[in-house]
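# Breakdown of the fold
Each chain is listed here by its residues.
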Amino acid sequence: MAKVAINLSTGSIQQEEVIVGIDLGTTNSLVAYIHPEDRKPIAINDQGQGTIVPSVVHFAANGETIVGTLAKDYLTTDPANTIYSVKRLLGKSYKDLGEHKNYFGYKIIDDNSEGLVKVRVQDRFYSPIKLSAEILKELRERAEHSLKTPVNRAVITVPAYFNDSQRQATRDAGKLAGLEVLRIVNEPTAAALAYGIGIDPAEEKTVAVYDLGGGTFDISILSIHQGIFEVLSTNGDTYLGGDDFDRAIINHWIQNNELIADTVNEDKHLQQELRLKAEEAKKTLSSQEVYTSNIDGTIDCHIERHTFETLIAPIVSKTIESCKQAMADAKLQPEQIDAVIMVGGSTRVPMVYEAVSEFFGKPANNSLNPDEVVALGAAIQADILAGNRKDILLLDVTPLTLGIETMGGLMDPIIPRNSKIPTKAGRQYTTSVDGQVNMKISVYQGERDLVKENRKLAEFDLKGIPAMPAGFPKVDVNFILNADGILKVEAIEVRSGVRQEVEVKPQYGLTDEQVEQMLMDSMLNAKEDVAARMQIEARSTAEQMLYQVERFVDKNGEHLTEEEIQLTHKNLQNLRDVLAAGGDKDAIYTAIDTLEEQTSPFAERIMQISIKQAMQGKKIE
Ligand code: ADP
Ligand code: MG
């Protein structure tokens, strides 16, 4: 039974346990919940501070942390102690940052022990998880303060292209902020939900979600059917957004005002003011034709909408190019898109709205606040998980195949790409050598037939298998993929109950480009892969055959004639020679067939003898 509580400030009845939805953004974060009375999602606005919490953490000299709008003020004045865009660092190694290492105004440390980056503030080190937790804590406190009830559970959104490691890091940040994270949801999925798309399981829709934030741009094409949100493709630019619009305005002012140009390099105060004015100008131009202001009463800041549009046209075009690519990857034409959804503060720029609507050939949806839409959708997902909307089941899919390495370095797929998650799948394996007591389980992700072309996620040994003849142990390998896309692998030897499991947390994961590259490679190399797979299978079959026949002859030689043994050894040697000479699969199979044809009558004969012996009360091994 659900507990209820009365909100003392409003007198309304509330569920004691509110599950909130959180949009943990690169630039801004928000928290939303479902209003207990009208059942509508609403972004929390604590004490009239607004719903948006800038994702900025400032460390004051006294060690205190400040999060949000107040912290943002320190970006220019105290950059070393003011951390922004921490989401870009989540689940990443220093190497992953590549050419963008200089993007950050604060100090990033390459910590080799974990592989993951750390941020240095004065003499302390912080993980991106810890810094994200500071933002989540602030959101949680605002929610508790506003709702006057404890908030312990949440749904948090992440970009669709976030990999395992980034999702896990987000989940860990939630935990550190004292939140039980019920689900990690894709941002475009949340945005679609906020527009009510996918709520009716009978509905089938193809949706484009265009998300232009402060520093990132994502386009996602989703196919929604039977409550399943399938990501058909994603594209974008992780270093393109509204900040570039601001910079374009600042550069315009510098170029057209000598007063600014002469002093801007040395004057921190002027830099800060220019940043603020540029953002203000941009926002004003979303609803008005002209912006006029000044800095300290002396420096004029003026810009008209058409000038602004000329400045940003190349940036907007770039996003449309990404849309084209995403559509090509999803193999869709614009007229096949049922709805276009606008997400992110920068979609308020009229030129952006028009360019996107024109590209898709239909007016984009922007009736919901683009800053809030992801958080609102997360709140709806939270409500579903709370069991308040029993008829809905939301599922995501896994982007790449998961499997294990089998004989000869082949990939044995266990959970195929695009499987609905959560899911569980398994397969039974056995040993190939008599008395084998350990079995190595190597877990891979990717579409190629050979594991060496895929990405290794984990490796572990199932130890303590009781010694048995080859082929006797039964090892169940199970893959359990939870709703966040985090994989658990367990191996159990069924006869003995020996068991081992690992949670797969790759040190750092794949970028969206890498995922795309892996899919691309698998398509381009499909033919070669099949040939390689057949060759390896032939060799493995041969090795298996050699082992079995040798063992058979050793054990049952007494029932064979001298001639039969001679001929068997000759055919065994022939097969070994073909393998040693690197023979192709046809040559290998010819040698296998010869050996098999010659030795198969033996099995029948031994069977007869063993039946006879069994009837006499004797056993053969
Ligand atoms: P993120 O998802 O990356 O955290 P947001 O979706 O919150 O980012 O978008 C923040 C960006 O939106 C900022 O660059 C901000 O200046 C811009 N923005 C907000 N309101 C407007 C507006 N009215 N017109 C143009 N840009 C806006
Ligand atoms: Mg966002």
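Only a predicted model underlies this, so the values are computations on that prediction, with no experimental measurement involved.

Definitions and cut-offs
Residues numbered from 1 in each chain as written. Chains lettered and ligands numbered in written order. Predicted model: local features only at pLDDT ≥ 70, side-chain atom pairs only at ≥ 80, totals over all residues. Heavy atoms only, no water. Helix = DSSP H or I, 4+ residues; strand = E, 2+ residues; numbered from the N terminus. Buried < 20%, exposed > 50% of the residue type's maximum accessible area, 1.4 Å probe, protein only. Contact = heavy atoms within 4.5 Å. Areas by Shrake-Rupley, 256 points an atom, 1.4 Å probe, with all protein chains shown as cover. Pairing = 2+ DSSP bridges. Axes fitted to C-alpha atoms, helices over the stretch in contact; angles between N-to-C directions. Near = heavy atom within 4 Å. Polar contact = N/O pair within 3.5 Å; in protein donor to acceptor, adjacent residues only side chain to side chain. Nonpolar A, V, L, I, M, F, W, Y, C, P; charged D, E, K, R; others polar. Parallel < 35°, antiparallel > 145°, perpendicular 65-115°, else oblique. Left-handed = near helix turned anticlockwise from the far one by under 90°. 1 Å grid on protein atoms, 1.4 Å probe; cavity = no way out; pocket = protein on both sides within 12 Å on 5 of 7 lines; lining within 4 Å. Points joined across faces, edges and corners; volume = space filled by probe spheres on them. Core = buried A, V, L, I, M, F, W, Y, C linked by side-chain atoms within 4.5 Å.

### Considering the overall build of the protein
A tally of helices and strands in the protein yields 15 helices and 30 strands. Here the protein, with 621 residues, has 51% of them falling under the buried criterion. Looking at the protein alone, contacts between residues at least 24 apart form 64% of all its contacts between residues at least 6 apart. Surface summary for the protein: the accessible area is close to 29,300 Å², and the carbon and sulfur share equals 50%.

### Topic: helix 5 (residues 187-194)
The element helix 5 is largely enclosed, with a buried count of eight among its eight residues. Taken as a whole, helix 5 has its buried residues at Glu187, Pro188, Thr189, Ala190, Ala191, Ala192, Leu193 and Ala194. Taken from the residues just after helix 5, glycine 196 is the one with a positive phi, measuring 80 degrees.

### Regarding the sheet that holds strand 28 (residues 475-481)
Strands sit in the order 25-28-29-30 across an open sheet of four strands; the sheet is antiparallel. Either end of the sheet is taken by a strand with one partner, and the two such strands are strand 25 (423-429) and strand 30 (499-504). Shown here is a sheet whose adjacent strand axes are inclined to one another by a mean of 15 degrees, direction ignored.

### Some points on the site of ligand 1
In the neighbourhood of ligand 1, 17 residues make up the surrounding shell, with Thr27, Asn28, Glu279, Lys282 and Ser286 lying closest. Taking threonine 27, its main chain carries an N or O atom lying 2.8 Å from an oxygen atom of ligand 1. Interatomic distance of 2.7 Å between a side-chain N/O atom of serine 286 and a nitrogen atom of ligand 1. Taken by itself ligand 1 offers 580 Å² of open surface, and the protein chains cover 90% of this. By residue number, the principal contributor to the shell around ligand 1 is helix 8 (residues 268-285), which donates three residues. Classifying every residue of the shell around ligand 1 by side-chain character gives one nonpolar, 11 polar and five charged.

### A closer look at the packing of helix 6 (residues 242-256) against helix 9 (residues 305-329)
Running from N to C, helix 6 and helix 9 point in directions that differ by 135 degrees, and their axes come no closer than 10 Å. It follows that helix 6 is oblique to helix 9 by the angle criterion. Like other packed secondary-structure pairs, helix 6 and helix 9 cross with a definite hand, here right-handed. Seen from helix 6, the contacting residues are Asp244, Phe245, Ala248, Ile249 and His252; seen from helix 9, they are Thr307, Phe308, Leu311, Ile312, Ile315 and Val316. Grouping the amino acids of the contact of helix 6 with helix 9 by side-chain chemistry returns eight nonpolar, two polar and one charged.

### Remarks on empty space enclosed by the protein
If you walk through the whole model with that rule in mind, you get two cavities of 30 Å³ or more. The computed volume of the largest cavity comes to approximately 80 Å³. Taken together, 13 residues make up the lining of the largest cavity; nearest its centre are Ala160, Glu187, Pro188, Asp218 and Ser220. For the lining of the largest cavity, the elements supplying multiple residues, two or more each, are helix 5, strand 15 (204-212) and strand 16 (217-225). Per-element tally for the lining of the largest cavity: the top contributor is helix 5, with three residues.

### Description of the sheet that holds strand 26 (residues 439-445)
Strand order in the open sheet formed by four strands is 23-22-26-27, and the pairing between neighbours is antiparallel. The open sheet terminates on both sides in strands that have one partner only, identified here as strand 23 (410-415) and strand 27 (455-462). On average, each strand axis in the sheet is tilted by 30 degrees relative to the strand beside it, whichever way the strands run. Here strand 22 (residues 402-406) runs beside strand 26; their pairing, made up of three bridges, is antiparallel. When the sheet's bridge partners are listed, isoleucine 404 is paired in strand 26 with valine 443.

### Considering the pairing of strand 7 (residues 56-59)
A two-sided burial pattern is seen for strand 7, the buried positions comprising Val56 and His58 on one face and Val57 and Phe59 on the other. As defined by bridge partners, strand 7 adjoins strand 9 (residues 82-84) across three bridges and the pair is classed as antiparallel. Paired with valine 56 across the bridge in strand 9 is tyrosine 84. Inspection of the sheet shows strand 7 paired to strand 8 (residues 65-67) by three bridges, in the antiparallel sense. Its bridge partner lying in strand 8, histidine 58 is registered against isoleucine 66. Linking two consecutive strands that pair antiparallel, namely strand 7 and strand 8, is a turn of five residues; a positive phi of about 90 degrees is found at glycine 63 within it.

### Regarding the environment of alanine 194
Tracing the chain through its elements places alanine 194 in helix 5. On a C-alpha basis, the gap between alanine 194 and alanine 378 in space is 8.0 Å, while along the polypeptide they are 184 residues apart.

### A few points about the nonpolar core
Counting residues in hydrophobic clusters, the biggest one holds 48 residues, and the most contacted among them are Val20, Ile22, Ile83, Leu89, Tyr106 and Leu136. With eight residues, helix 3 (residues 128-147) is the largest single contributor of residues to this core. Listed in part, the 44 residues of the second largest apolar core include Phe217, Leu274, Met351 and Ala364.

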